Amino acid sequence: MGTDETPGGDSRSRELPAEVRGVSTGPGDGASPEPDERHDESQGGQASLSGRQRLAEGLWPPRVTRPQLIVALLLFVLGLGLAIQVRSNNDSSALRGARQEDLVRILDELDDRTQRLEGEKQRLEDQRTGLENSSDQAEEARKQTVEKERQLGILAGTVAAQGPGITLTIDDKKGSVEADMLLDAIQELRAAGAEAIQINDVRVVANTYLSGTDSGGVRVDGRKVGKPYRFKVIGKPQDLEPALNIPGGVVQTLEKEQATVTVTRAEKIVVDALRPAKRPDYARSSSQ
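Quick caveat: nothing in here was measured; it's all calculated off a predicted structure.

(A) Broad picture of the nonpolar core. With 32 residues, the main nonpolar core has Ile170, Leu189 and Phe231 as its most contacted residues. Take this core: its biggest share by element is 6 residues, from helix α8 (residues 179-191). Formed by 6 residues, the second largest nonpolar core is a distinct cluster that contains Ala161, Ile234, Ile269 and Val271.

(B) Expanded view of the layout of surface pockets. The calculated volume of the largest pocket comes to roughly 910 Å³. Lining the largest pocket are 32 residues, with Leu155, Gly193, Ala194, Glu195 and Ala196 sitting closest to its centre. Elements with a contribution of two residues or more to the lining of the largest pocket: α6 (100-133), α7 (137-156), β1 (161-171), α8, β2 (196-199) and β3 (202-204). Counting residues per element, the lining of the largest pocket draws most heavily on α6, at 7 residues. Reported here for the second largest pocket is a volume of approximately 360 Å³. Taken together, 14 residues make up the lining of the second largest pocket; nearest its centre are Val205, Asn207, Arg275, Pro276 and Lys278. Residue classes in the lining of the second largest pocket are distributed as 6 nonpolar, 2 polar and 6 charged.

(C) How the structure looks around the sheet that holds strand β4 (residues 210-212). In spatial order, the strands read β4-β5-β6; together these 3 strands make up an open sheet with antiparallel pairing. The open sheet has two free edges, formed respectively by β4 and β6 (223-225), since each of these has just one partner strand. Between one strand axis and the next, the sheet turns by 40° as a mean value, whatever way the strands run. Direction of pairing for strand β5 (residues 218-220) relative to β6: antiparallel, over a ladder of 3 bridges. From the neighbouring strand, valine 218 faces β6, where its bridge partner is valine 225. The strands touched by α8 are β4 and β5; relative to β4, the strand with the most contacts, the crossing angle is about 160°.

(D) Structural view of a negative patch on the surface. Taken together, the side chains of Glu178, Asp180, Asp184 and Glu257 present a region of like negative charge at the surface. The partly exposed category is assigned to aspartate 180, whose relative accessible area is 43%.

(E) Inspection of the confidence of the model for the protein at higher detail. With 72% of its residues at a pLDDT of 70 or more, the protein shows a mean pLDDT of 78. The low-confidence segment residues 1-13, where pLDDT is below 50, has 4 contacts with residues more than four positions distant or belonging to other chains.

(F) Focus on the sheet that holds β3. Taken in spatial order, the 5 strands line up as β3-β2-β7-β1-β8 in an open sheet, and their pairing is antiparallel. The sheet terminates laterally at β3 and β8 (260-271), the two strands that pair on one side only. Neighbour-to-neighbour, the strand axes of the sheet open up by a mean angle of 20°, direction not taken into account.

(G) Spatial organisation of the pattern of salt bridges. As enumerated under the stated definition, the model contains 7 salt bridges in all. Of the charged contacts, one joins aspartate 172 and lysine 227 as a salt bridge, the two residues approaching to 3.9 Å between their closest N and O atoms. One end of the pair, aspartate 172, is in the loop between β1 and α8; the other, lysine 227, is in the loop between β6 and β7 (229-234), and 55 residues separate them in sequence. What makes aspartate 172 buried here is its relative accessible area of 2%. Residues glutamate 241 and arginine 265 are paired through a salt bridge, measuring 2.3 Å at the closest nitrogen-oxygen approach. With glutamate 241 in helix α9 (residues 237-244) and arginine 265 in strand β8, this residue pair connects regions lying 24 residues apart in the sequence. With a relative accessible area of 44%, arginine 265 lands in the partly exposed category.

(H) Expanded view of the side chain of serine 176. Of note, serine 176 is situated in the loop between β1 and α8. The class of serine 176 is buried, set by a relative accessible area of 19%. Residue contacts for serine 176: discarding those within four places in its chain leaves Met181 and Glu257.

(I) Highlighting unusual backbone geometry. A cis amide bond, omega -5°, links lysine 227 with the succeeding residue proline 228. Counting through the fold element by element, proline 228 comes out in the loop between β6 and β7. Phi angles above zero are rare outside glycine, and asparagine 200 is one such case at about 55°. Structurally, asparagine 200 is set in the loop between β2 and β3. The class of asparagine 200 is partly exposed, set by a relative accessible area of 22%. Phi angles above zero are rare outside glycine, and glutamine 258 is one such case at about 65°.

Cut-offs applied
Residues numbered from 1 in each chain as written. Predicted model: local features only at pLDDT ≥ 70, side-chain atom pairs only at ≥ 80, totals over all residues. Heavy atoms only, no water. Core = buried A, V, L, I, M, F, W, Y, C linked by side-chain atoms within 4.5 Å. Buried < 20%, exposed > 50% of the residue type's maximum accessible area, 1.4 Å probe, protein only. Helix = DSSP H or I, 4+ residues; strand = E, 2+ residues; numbered from the N terminus. 1 Å grid on protein atoms, 1.4 Å probe; cavity = no way out; pocket = protein on both sides within 12 Å on 5 of 7 lines; lining within 4 Å. Points joined across faces, edges and corners; volume = space filled by probe spheres on them. Nonpolar A, V, L, I, M, F, W, Y, C, P; charged D, E, K, R; others polar. Pairing = 2+ DSSP bridges. Axes fitted to C-alpha atoms, helices over the stretch in contact; angles between N-to-C directions. Contact = heavy atoms within 4.5 Å. Patch = residues over 30% accessible without salt bridge, like charges linked within 9 Å, V, L, I, M, F, W, Y side chains within 5 Å. Areas by Shrake-Rupley, 256 points an atom, 1.4 Å probe, with all protein chains shown as cover. Salt bridge = Lys/Arg side-chain N within 4 Å of Asp/Glu carboxyl O. Lys, Arg positive; Asp, Glu negative; His and termini not counted. Charge placed at Lys NZ, Arg CZ, Asp CG, Glu CD. pLDDT = per-residue confidence, 0-100.

This is the structure in structure tokens:
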């Protein structure tokens, strides 16, 4: 009588603690997990599927379609073309960075070489025309052979030569001029169109070599040449002198070594130092 009862209710349930009433008895009693617990389980499963295994499953095995292959091929061709273009630009970077004076000199040398080649072509064509039109072809052939022999003798140093050119004098009082500097001068003169060169009393030919000595001098083809070094050069003076005086060229290099350099033009230069004609031991003319 001392307790309140609710119709249809159980008085014993009100006597249990709140902790006991909130605990589910298991799956058999029809209880289900709380909404928060179900959410956590689904999130844990999704996280395990989006890890490294999910990434590996998406990348392997690769699935390449035909449009992707076409795009890859086009990108390869485009990259190859860009690489070729960059390489070609790098090849011309040396001329792009050159000074204006050097570019002008290079252009002049190319023009001079072109003119010399055109002149040689015209001369050969004239020789052919002379042989074809001459009534006495044997005599004409003999004349041309003699002229060719004379020209080859000049180049080989077996005959004397004369013509316009320059005289290059190098006074090396300090003894600082070395063989490679004189070799640079020879190469520069040849590039400018020199046809005959003589250093002191030694004729310079195709197989000429220069070397140093123990006392600091220079030998040309094994022969010691004294100071000052005097070059007698036959060629076009308007080409030879500028080739030596270009910025950073032969003259400036020698002057840095405290040598005195003098270049003089002349209408007549005589190159009379001769070399003996040597018969080759093994080579023979193919026309024999």
